[in-house]
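Notes for the structure review
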Amino acid sequence: MGTGILGTGTSALLAYQRALATVSHNVANAATPGYSRQRVELQARPANTSMLPIGQGVDVKQLTRLADGIVFARQTDSAGELGRLDQLSQLASRVDGLMSDSATSLTEPWSSFFNAAKGVVADPTSSPTRSQLLAAANQLATRFRTQDGQLAQMDDDVDRAMTNKIVDVNRLASEIADLNRTIIGAGKSVSPDMLDARDQRVRELAKLVGAETAMQDDGAMNVFTPGGQPLVLGTRASSLGTISDPFRPDRLQLALKTPTGNMRLPEGTVSGELGGLLEFRSRILDPMRAELGRMATALAQSANAIQHQGIDYDGNPGADLFSIAPPQVAAHSSNTGTGTLTATIDDVGALTGQNLILRYDGSNWSAQRADTGETVTMTGTGTNANPFKVGGLAIVVGGSAAAGDRFLVTPTAAATGSLKVALQSPTGIAAAAPLTSSADPANLGDAMVSGSQITDPVQFAGFTSATLDFIDATHYTIDGNGPYTWAPGTAITGNGWSLTLSGTPAAGDSFTLTRTGPRSSDNSNARLLGALDNKEVLDGGITSITTGINRMVGRAGSEANHAQMSLQAQQALDDQANADREALSGVNLDEEAADMLRYQQAYQAAAQLIATADTLFQSLLAAVRR
């Protein structure tokens, strides 16, 4: 009897000692990230005889780690998505602030430039107003360059952040592989704390790059990117790295190091913070730089075209107001031919700003969007006489391309940083129309010269005057040459110039045309420049540059707002996943305190059993001694 009580009490003492140790371990790790609550599972010792089946006490069946694989998978997925959206939201907000903040936006210098242009319209002979227009043009060009410089800085920031995060990814992957090795070696006696440490690292890895997991029979956990590329296979860890963009060596791309070389990981194959960086660059940053460049290019091309149409204060044809770099072309690093491409702006109205990839298959060229791979219609043969026409560009092929050669054409993304004011003197502003006209007092019709422009500066250099005579309402001669047919709304062209008429001429009507001289007070051409902000020159002639800029700013705000709302929604999902884990695996100090009290009382009772057994045994010895 004494032996049975002693054995039972001893088993209880040891079991509750282990239970108290487990409770103390839980309490000690209540604030440890990733710790899963542990619980001692007890089971009764069965009787060892059938004659009198009295139990023999209690055993510790196992130490249970309170964790759920489904909850862990939810947390892993959520961590990856939360990391992606956090990066996307932060960077998109930076772009939004750059585009919309009054201190950095285009709004103020844009308005100042056109207000200054209207000042020249009001007083075209004033040197101060002309100087103010050049100063405003410089401020506007500077603001364009500043915005582009900030966007370029964000591009560099993406490269630096990617490099830093890759170091953490590789460290975590290596630690997970080492933990797998330890867990495999421990077999069924693996420590729950070791499993917690592995799960915590997987969640941290998921936040950086996204993660999907698969368990092996030996207890090891394999980890893959969302695109299925292995990061950890058993006890072997893969490494991420960077490679240079084959079109842009100054830009880094994410890659997985494999035995056969580096394999690029596009944005869709990874999530987490690295995925957010790549998505920001391709979906927000690059399109924003391209659109900013499209606005700068449209401004420069349109303002320069207006300048070329008019006469400056010295009586000379107008020169460029702005200078801006042409579209950029980069050859793929693997090209084997000697081919070259030269691109120029052909049609601002057709300019999309989308980066293009031109491919040569050995006999034909094709074009596709760099971001989506969508085929883009291209006409022409690529020669000087018949260049390729695509996306508002004219592209001429030189050299000898080889089959498989590729070229990246960047129409506008690299243009903004080069925008500068080309005019050095205020007198160079071409405010006046090139022609001064006078109607014969005997004219019977109500036609008047409503506008004129230079079409060929070389030919116009030799022009001094001309006489325009109408034979009838639809036919005219110039200095006796002709007759030429005229229809309402069509231009009349001469020696490097053209003009338009309003009203209807009559037979015998005559106009004397002379070249506008120096120091003219005419403001016809300045009015065109002052109205450029609302002139519909983009998207096939249906969108003004002002509207285009407003849409660009609106898109930046929309992207930032969408990213922020998505982040908030994902944060709520992540909080719920963490709450579900805490409900199962988190340490509740009140519950642990109750368990500790219960196990303490049981331990004391077990000790009392042992004391009782000892008393009984001593009584038996005393009886025998008599």
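Report on the accompanying structure. Note that this is a predicted model, so its numbers are computed, not measured. (Residues numbered from 1 in each chain as written. Predicted model: local features only at pLDDT ≥ 70, side-chain atom pairs only at ≥ 80, totals over all residues. Heavy atoms only, no water.)

**Observations regarding the overall build of the protein**
Heads up, the condition is: Numbering goes from the N terminus for both helices and strands, where a helix is a DSSP run of H or I of at least four residues and a strand is a run of E of at least two. The globule rule used here is 2.2 Å times the number of residues to the 0.38 power, and the radius of gyration it is set against is calculated over C-alpha atoms. Contacts: residue pairs with any heavy atoms within 4.5 Å of one another. Using a 1.4 Å probe, the Shrake-Rupley method yields the accessible areas, and only the shown protein chains count as cover for residues. Working convention for charge: Lys and Arg count positive, Asp and Glu count negative, and His plus the chain ends are omitted. Charge coordinates come from a single atom per side chain, which is NZ of Lys, CZ of Arg, CG of Asp or CD of Glu.
Within the protein one finds 10 helices and 29 strands. Taken over the C-alpha trace, the protein has a radius of gyration of 40 Å; the compact-globule value for 626 residues is 25 Å, which it surpasses by more than 25%. Counting contacts in the protein only where the partners sit at least 6 residues apart, residues at least 24 apart contribute 70% of the total. Put simply, the protein shows about 29,400 Å² of open surface, and 52% of that area lies on carbon and sulfur atoms. Averaging the positions of the 46 positive and the 62 negative side-chain charges in the protein gives two centres separated by 10 Å.

**With respect to the sheet that holds strand S26 (residues 497-502)**
For clarity, the threshold we go by: Two strands qualify as a pair provided DSSP detects at least 2 bridges between them.
Within the open sheet, the three strands sit side by side as S21-S26-S25. Their pairing is antiparallel. This sheet does not close on itself; its edge strands, each paired only once, are strand S21 (448-454) and strand S25 (492-493).

**Section: the packing of helix H5 (residues 192-209) against helix H6 (residues 272-309)**
The following threshold applies: Every axis corresponds to a line fitted to the C-alpha atoms, with the helix fit spanning only the stretch in contact, and the corresponding angles, defined between N-to-C directions, vary from 0 to 180 degrees. Roughly parallel means an angle under 35 degrees; roughly antiparallel, over 145; roughly perpendicular, 65 to 115; everything else is oblique. In the scheme used here, Gly and all other residues not listed as nonpolar or charged are polar, with Ala, Val, Leu, Ile, Met, Phe, Trp, Tyr, Cys and Pro taken as nonpolar and Asp, Glu, Lys and Arg as charged.
With their axes 1 Å apart at the nearest point, H5 and H6 run at an angle of 0° to one another. By the angle class used here, H5 and H6 are roughly parallel. Where H5 abuts H6, its residues Ala 206, Lys 207, Leu 208 and Val 209 lie against Gly 272, Glu 273 and Leu 274. Its residues assigned to classes, the contact of H5 with H6 shows four nonpolar, one polar and two charged.

**Re the side chain of Ser 544**
Heads up, the rule is: Throughout, exposure labels follow a simple rule: accessible area from a 1.4 Å probe, protein chains only, divided by the maximum for the residue type, with under 20% read as buried, over 50% as exposed, and the rest as partly exposed.
Topologically, Ser 544 is positioned in strand S29 (residues 543-544). Assessed through its relative accessible area of 5%, Ser 544 is described here as buried.

**Details of the packing of aromatic side chains**
To keep it simple, the criterion reads: What counts as a ring pair is set by centres within 6.5 Å for rings of Phe, Tyr and Trp (its six-membered ring), and what kind of pair is set by the plane angle: stacked under 30 degrees, edge-to-face over 60, tilted for all other angles.
Across all of its chains, the model carries 13 aromatic pairs by this definition. Relative to Tyr 476, the ring of Phe 470 lies with its centre 5.9 Å away and its plane at 50°, an arrangement referred to as tilted. With a relative accessible area of 5%, Tyr 476 lands in the buried category. Three or more aromatic residues joined by ring pairs make a cluster, and in this case those are Phe 470, Tyr 476, Tyr 484, Trp 486 and Phe 511.

**Some details on the pairing of strand S4 (residues 221-224)**
Pairing analysis gives four bridges linking strand S3 (residues 212-215) to S4, with the strands arranged antiparallel. From the neighbouring strand, Thr 213 faces S4, where its bridge partner is Val 223. Counted between consecutive antiparallel strands, the loop separating S3 from S4 contains five residues, among which Gly 219 sits at a positive phi close to 95°. Taken together, the two bridges between S4 and strand S5 (residues 230-233) define a ladder with antiparallel strand orientation. The residue bridging Phe 224 from the neighbouring strand is Pro 230, located in S5. Counted between consecutive antiparallel strands, the loop separating S4 from S5 contains five residues, among which Gly 228 sits at a positive phi close to 95°.

**Things to note about empty space enclosed by the protein**
The condition that has to hold: Think of a 1 Å grid over the protein atoms and nothing else: a 1.4 Å probe that fits but is trapped marks a cavity, an open set flanked by protein within 12 Å on at least five of seven lines marks a pocket, and residues with an atom within 4 Å of a point count as lining. Grid points are joined across faces, edges and corners, and a volume is the space filled by probe spheres set on the points.
Counted under the stated rule, the structure contains two cavities of 30 Å³ or more. Taken together, Ala 117, Val 120, Leu 133, Ile 306, Gln 307, Ile 429, Ala 430, Asn 525, Ala 526 and Leu 529 form the lining of the largest cavity. Of all the secondary-structure elements, those providing two or more residues to the lining of the largest cavity are helix H3 (107-122), H6 and helix H8 (524-530). Looking at the lining of the largest cavity, the element that brings in the most residues is H8, giving three residues. For the lining of the largest cavity, a count of residues per class yields eight nonpolar, two polar and no charged. Taken together, Arg 130, Ile 311, Asp 312, Tyr 313, Ala 431, Ala 432, Gly 517, Arg 519, Ser 520 and Asp 522 make up the lining of the second largest cavity. Considering only residue class, the lining of the second largest cavity consists of four nonpolar, two polar and four charged.

**Focus on the sheet that holds strand S17 (residues 393-398)**
As a general point, the strands of a sheet are linked pairwise by backbone hydrogen bonds and lie either parallel or antiparallel. Spatially, three strands are ordered S12-S17-S16 in an open sheet, and the strand pairing comes out antiparallel. Single-partner strands in this sheet number two, and they are strand S12 (340-345) and strand S16 (388-390). Recorded for the sheet is a direction-independent mean angle of 30° between the axes of neighbouring strands. Judged from the six bridges that link them, S12 and S17 form a sheet pairing that is antiparallel. Within the sheet, the bridge partner assigned to Ile 345 lies in S17 and is Leu 393.

Remember, this is a structural readout, not a statement about activity or role.
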